[in-house]
Amino acid sequence: MKKIVHYINQFFAGVGGEEQADYKPELHTEILGPSLALNKALEDAEVTHTLVCGDGYFGSNEEAATQELLGMLEGLEFDLFVAGPTFRAGRYGFAAGSICKSVKEKFGVPVLTSMNDENPGVNMYKKDMYIFKGGKSATKMRSDIKVIASAANKILKGEKLGSAESENFYPRGIRLQVIDKNMKPASTRVVEMLLKKLSGKEFETELPIPKNDRVDIAPAIKDLSKAKIALVTTGGIVPIDNPDKIQSASATRWGMYDISSNDDLLEGIYKTIHAGFDPYGADTDPDRIVPLDVLRAYEKEGKIDSIDSHFYSTVGTGTTEGEAYRMGSEIAVVLKDHNVDAVILTST
Amino acid sequence: MKLEIGNFIVKEVSFGNSTSFQNGVLTINKKEALEHVMEDSHITEADIVIAVPGDKKRIVPVKEAIEARCKIGKNCTFPGVTGDLYQLGEGRTHALKNMSVLAVGKHWGSFGDGLIDMSGPGADYSHYSGLINVCLVADTDEEFERHEQQKKNHALRWGAMRLSEYLAEAVRELEPDEIEDYDLCSITGRDNVKDLHKVVYVIQCQSQMEELGYNDLVYGWDMNKYVPTLMHPNEIIDSAIISGSFMPCSSKWSTYDFQNNPTIKELYKEHGKTLNFLGVITSNLNVSLEQKNRSALFVAQIASTIGADGAILAEEGYGNPDADFIACFDALEDAGVKTVGITNECTGRDGKSQPLVVLSEKADAIVSCGNVSKLIELAPMEEVVGELQSLARDGLSGGWADDEKLGPSVKEDGSIIMENNSMFCGDQVVGWSQKTMKEF
């Protein structure tokens with residue numbers, strides 16, 4: 001019989017709600033909570049362990065929590081890993097996606113989870129794993145578990161999952177060709193689609209174009225001489241030892257660096273760790289990417305009021321839209337906290 | 001314009017003493033047929049091989065497919081190409097149906113050539129697996145391009161046209177099994193269509209080679225030196241456009257594809273019922289941005305001028321031509337013409353690449369006909385028509401001589417691994433396609 005390990009949060013393990021969010025990882029050999037329902041819905045497989053972790057603990061100690069959780073799985077025999085369902089719980093969704101990704105990388109087993117479409121974990125992890133479309137809240141526990149279990153049964157039998165539409169998971173950014181001799185020929189499909197479009201009826205394109213998530217331009221600053229300006233970059237400028245270990249490509253990390261007593265970013269003290277361009281120009285004068293020197297001059301001339309105490313940096317090359325969105329949101333919180341009026345955002 | 005196509009349904013093709021058609025059997029006098037082919041002294045050797053659906057035959061490198069037809073009262077089928085110019089799209093044309101004439105290299109392939117399996121899983125990828133194919137298998141003395149990846153394949157393509165004209169002579173004087181009527185009067189002279197949607201079909205024909213001789217021809221004119229023109233749909237299905245020899249094969253539209261364009265037939269079927277089929281704007285595909293934009297501008301202007309409120313937009317290609325496709329899509333939508341596109345995609349072997357090189361939110365309605373880069377593995381076939389090694393050796397768009405992980409396209413036992421790119425006219429954007437793309 002095939003074996004499954006199931007990850008759930010402190011709430012569904014019956015430990016408690018928000019007050020217990022810092023609950024540290026635990027491995028249970030006696031399965032509990034949603035694991036019981038999952039176990040029941042499996043065909044030739046069983047849930048052998050329930051892995052529990054508080055959402056708050058995971059969120060604020062992602063790396064340590066991941067190491068602890070992976071350590072608990074070490075030496076266990078399992079064929080598949082399930083997390084959730086996580087519904088709309090944002091931190092639970094993040095933890096489920098993150099641990100699934102780590103388990104898949106370390107143990108090479110298939111990983112499955114379930115989230116509601118408003119869970120931010122969907123956009124962060126949908127390209128890395130099967131995330132099934134789930135309900136808003138735990139009232140949908142039974143049906144969400146059923147969807148996960150039916151996919152698990154298929155995978156464990158060695159069957160391939162069908163399309164995102166037929167299996168009800170979020171598209172993973174993989175588009176493949178399907179031949180179907182029962183399908184209407186393209187000439188009929190195209191005329192039918194045109195007639196619908198012309199009559200204002202609903203139609204379904206076979207090649208959905210991703211929507212540009214445009215942000216309106218902020219109103220102009222009327223008086224720059226009273227403005228506090230911050231420098232933010234995706235050009236990978238960091239202190240020479242890259243203290244936050246920002247990745248050179250596909251970044252998931254960002255850093256903020258104190259420049260309150262700097263007038264200039266000097267060669268040998270700062271550099272770029274961006275792998276997407278020839279670093280020579282940036283390394284010999286990091287101001288080329290984070291123009292602190294000229295901005296200080298503006299400050300002295302009174303053209304601007306002041307410069308934020310820190311500059312903010314990450315790497316743009318290969319970075320997913322989901323990660324960029326998360327990092328941008330996190331940086332924005334700090335900028336607001338620092339009462340920054342405007343940002344010069346430099347890319348490369 | 002009123003066109004009658006008289007169909008002769010071919011059930012069997014065999015060789016015999018005289019070329020004739022009787023009771024569904026086309027008999028070919030091979031010697032006489034080959035004399036017509038050999039009129040071009042550049043053809044050094046030639047043979048005719050018949051391949052029937054279900055045969056354990058693999059045909060490669062296929063350069064062109066043509067439906068054998070003759071024009072009643074005229075002495076050529078392809079005006080401007082095989083004879084003097086005359087107006088197509090009216091009068092009577094006789095056609096040998098259920099059958100195509102293929103131009104097949106005896107040895108040498110080129111980038112735009114393709115493969116056809118007559119049975120097995122490979123037969124799912126080409127419309128031509130389901131037809132009786134009269135294969136002209138020949139070699140030429142076109143030394144200047146013998147080892148070039150891009151070949152004009154002039155002698156072979158023109159040889160196949162002559163062969164198709166020769167075969168169709170057998171039915172010139174006969175009564176067809178059935179007659180299809182294509183009757184569409186002038187745009188302003190139509191009754192009973194006033195309340196219907198006015199629809200135009202836009203075809204972007206392949207014309208991206210700046211050097212002449214590789215591109216689609218309209219009445220013999222190279223479409224690289226062309227601006228979009230309004231044509232009567234009858235002209236297209238009456239052999240006005242000849243396929244070229246350039247684009248990766250699954251994206252290509254053969255001359256047979258133009259002659260039998262299913263989208264034109266579908267629009268004809270709906271004409272007077274759900275829509276008013278105004279006509280076909282034949283556009284092209286270009287290299288420079290200015291050329292792309294100029295063609296898009298012409299298409300949108302013609303569509304507006306004739307009062308179209310809807311358009312179907314089809315591209316004969318992928319990759320760079322996606323820019324022409326999206327430019328034209330945007331131009332039509334900006335002109336207030338509601339548009340549905342039809343194209344294939346290139347999402348890579350893993351399905352993770354952006355489907356078109358250029359995207360636009362205005363392109364909100366697209367019918368998708370498959371992934372050019374899908375990897376296909378096929379077992380050996382009992383007989384090869386042409387030369388199997390051409391798939392690996394000659395730079396066909398979906399084949400390769402060697403690959404670190406996959407090895408060569410052609411294995412020692414005759415099995416093959418290739419990309420869909422080289423399936424002969426495989427993506428059927430003209431309208432046959434029963435392929436689509438799904439998210440996984």
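Residues numbered from 1 in each chain as written. Chains lettered and ligands numbered in written order. Predicted model: local features only at pLDDT ≥ 70, side-chain atom pairs only at ≥ 80, totals over all residues.

Each helix and strand in chain A was counted, giving 11 helices and 13 strands. Relative to its 348 residues, chain A shows a buried fraction of 37%. (Helix = DSSP H or I, 4+ residues; strand = E, 2+ residues; numbered from the N terminus. Buried ≥ 20, exposed ≤ 12 C-beta atoms within 10 Å, placed from the backbone.)

This next bit is on the overall build of chain B. Broken down by element type, chain B carries eight helices and 25 strands. Over its C-alpha atoms chain B spans a radius of gyration of 21 Å, differing by no more than 12% from the 22 Å that the globule rule assigns to 440 residues. On the principal axes, the C-alpha backbone points of chain B span a range of 55 × 55 × 40 Å. For chain B, buried positions account for 58% of its 440 residues. Restricting the contact set of chain B to residue pairs at least 6 apart, pairs at least 24 apart contribute 80%. (Rg over C-alpha atoms; globule rule 2.2 N^0.38 Å. Contact = placed C-beta atoms within 7 Å.)

For an α-helix, 3.6 residues make a turn, and residues three or four places apart therefore share a direction. Of the residues making up helix α1 (residues 34-41) of chain A, those classed as buried are A:P34, A:S35 and A:L38. Taken down its axis, α1(A) places every buried residue within 100° of arc, on the same side. (Arc of directions from axis to C-beta.)

Mean pLDDT for chain B: 97, with 100% of residues reaching 70 or above. Here the complex is predicted with pTM 0.84, and the ipTM for its interfaces comes to 0.97. (pLDDT = per-residue confidence, 0-100.)

Below, the discussion takes up the nonpolar core. Ranked by size, the top nonpolar core spans 136 residues in total, and within it B:L102, B:L136, B:L167, B:V202 and B:V299 carry the most contacts. Among the elements that make up this core, the one with the highest residue count is helix α2 (residues 154-168) of chain B (nine residues). Beyond its immediate sequence surroundings of up to four residues, B:L167 is in contact with B:T19, B:L26, B:I28, B:A68, B:L96, B:V101 and B:V134. Ranked by size, the runner-up nonpolar core spans 54 residues in total, among them A:Y23, A:L42, A:C100 and A:I148. (Core = buried A, V, L, I, M, F, W, Y, C linked by C-beta atoms within 7 Å.)

Right, let's get into the domain arrangement of chain A. When its domains are assigned, chain A resolves into domain 1 (2-167) and domain 2 (224-346). For domain 1 of chain A versus domain 2 of chain A, the distance between C-alpha centres works out to 37 Å. (Domains from an automatic or database assignment.)

Next up on the list: the interface of chain B and chain A. Each partner contributes to the interface: chain B provides 47 residues, whereas chain A provides 34 residues. Here the residues of the side of chain B that touches chain A sort into 18 nonpolar, 15 polar and 14 charged. Sheet topology places strand β7 (residues 175-179) of chain A next to strand β25 (residues 435-439) of chain B; five bridges connect them, and they run antiparallel. Within β25(B), the position partnered with A:V178 by the bridge is B:T436. (Nonpolar A, V, L, I, M, F, W, Y, C, P; charged D, E, K, R; others polar. Pairing = 2+ DSSP bridges.)

Turning our attention to the sheet that holds strand β4 (residues 80-83) of chain A. Note: strands within a sheet are paired through backbone hydrogen bonds, in either parallel or antiparallel orientation. Residues and elements named next belong to chain A. The six strands are arranged β2-β3-β1-β4-β5-β6 in an open sheet whose pairing can be described as mixed. Each having just a single partner strand, β2 (26-28) and β6 (130-133) make up the two edges of the open sheet. Direction aside, the axes of adjacent strands within the sheet are offset by 25° on average. Of the pairings in the sheet, the one linking β2 to strand β3 (residues 45-53) comprises three bridges and is antiparallel in character. Note that in β3 the partner of L27 across the bridge is L51. Those strands touched by α1 are β1 (2-9), β3 and β4, and its axis lies near 160° from that of β3. Of the strands in this sheet, β1, β3, β4, β5 (111-115) and β6 touch helix α6 (residues 141-156), which is tilted by about 160° from β5. (Axes fitted to C-alpha atoms, helices over the stretch in contact; angles between N-to-C directions.)

Attention now goes to the packing of α1(A) against α6(A). Residues and elements named next belong to chain A. Contact geometry for α1 and α6: axes closest at 9 Å, N-to-C directions at 50°. Comparing the axis directions of α1 and α6 gives the class oblique. Like other packed secondary-structure pairs, α1 and α6 cross with a definite hand, here right-handed. Judged by residue contacts, P34, A37, L38 and A41 of α1 engage M141, R142, I145, K146, I148 and A149 from α6. Across the contact of α1 with α6, the residue classes tally to eight nonpolar, no polar and two charged. (Parallel < 35°, antiparallel > 145°, perpendicular 65-115°, else oblique. Left-handed = near helix turned anticlockwise from the far one by under 90°.)

This next bit is on unusual backbone geometry. Here the amide bond leading from A:G84 into A:P85 is cis, since omega sits at 10°, within 30 degrees of zero. The peptide bond linking B:V60 to B:P61 adopts the cis configuration, its omega dihedral lying at 0°. Of note in this structure, A:N168 is not a glycine but carries a positive phi near 70°. Positionally, A:N168 belongs in the loop between α7 (164-167) and β7. The phi dihedral of B:N23 falls on the positive side, at around 50°, and the residue is not glycine. Residue placement: B:N23 occurs in the loop between β3 (20-22) and β4 (25-28).

All names here are of chain B. Read from one edge to the other, the open sheet built from three strands follows the order β15-β14-β17, with strand pairing classed as antiparallel. Edge positions in the sheet fall to β15 (221-222) and β17 (241-242), since each of these pairs with one other strand and no more. Pairing between strand β14 (residues 217-218) and β17: two bridges, direction antiparallel. The residue of β17 that forms the bridge with V218 is I241.

Here we take up the packing of helix α6 (residues 289-305) of chain B against helix α7 (residues 321-334) of chain B. Residues and elements named next belong to chain B. Contact geometry for α6 and α7: axes closest at 8 Å, N-to-C directions at 35°. Like other packed secondary-structure pairs, α6 and α7 cross with a definite hand, here right-handed. Across from K292, N293, S295, A296, L297, V299, A300 and A303 in α6, the residues of α7 making contact are A323, D324, A327, C328, A331, L332 and D334. Of the residues assigned to the contact of α6 with α7, the class counts are 10 nonpolar, two polar and three charged.

Looking now at the environment of B:T436. Inspection of the secondary structure assignment puts B:T436 in strand β25. Taking the C-alpha atoms as reference points, B:T436 and B:H271, separated by 165 residues in sequence, lie 26 Å from one another. Filtering out sequence-adjacent residues up to four positions away, B:T436 remains in contact with A:V178, A:M183, A:E206 and B:S368.

Quick look at the pairing of strand β10 (residues 114-117) of chain B now. All names here are of chain B. In β10, alternate side chains face the same way, and those of G114 and I116 on one face and L115 and D117 on the other are all buried. As judged from the three bridges shared by strand β6 (residues 57-66) and β10, these two strands associate in the antiparallel manner. Note on β10: the bridge partner recorded for V62 is G114.

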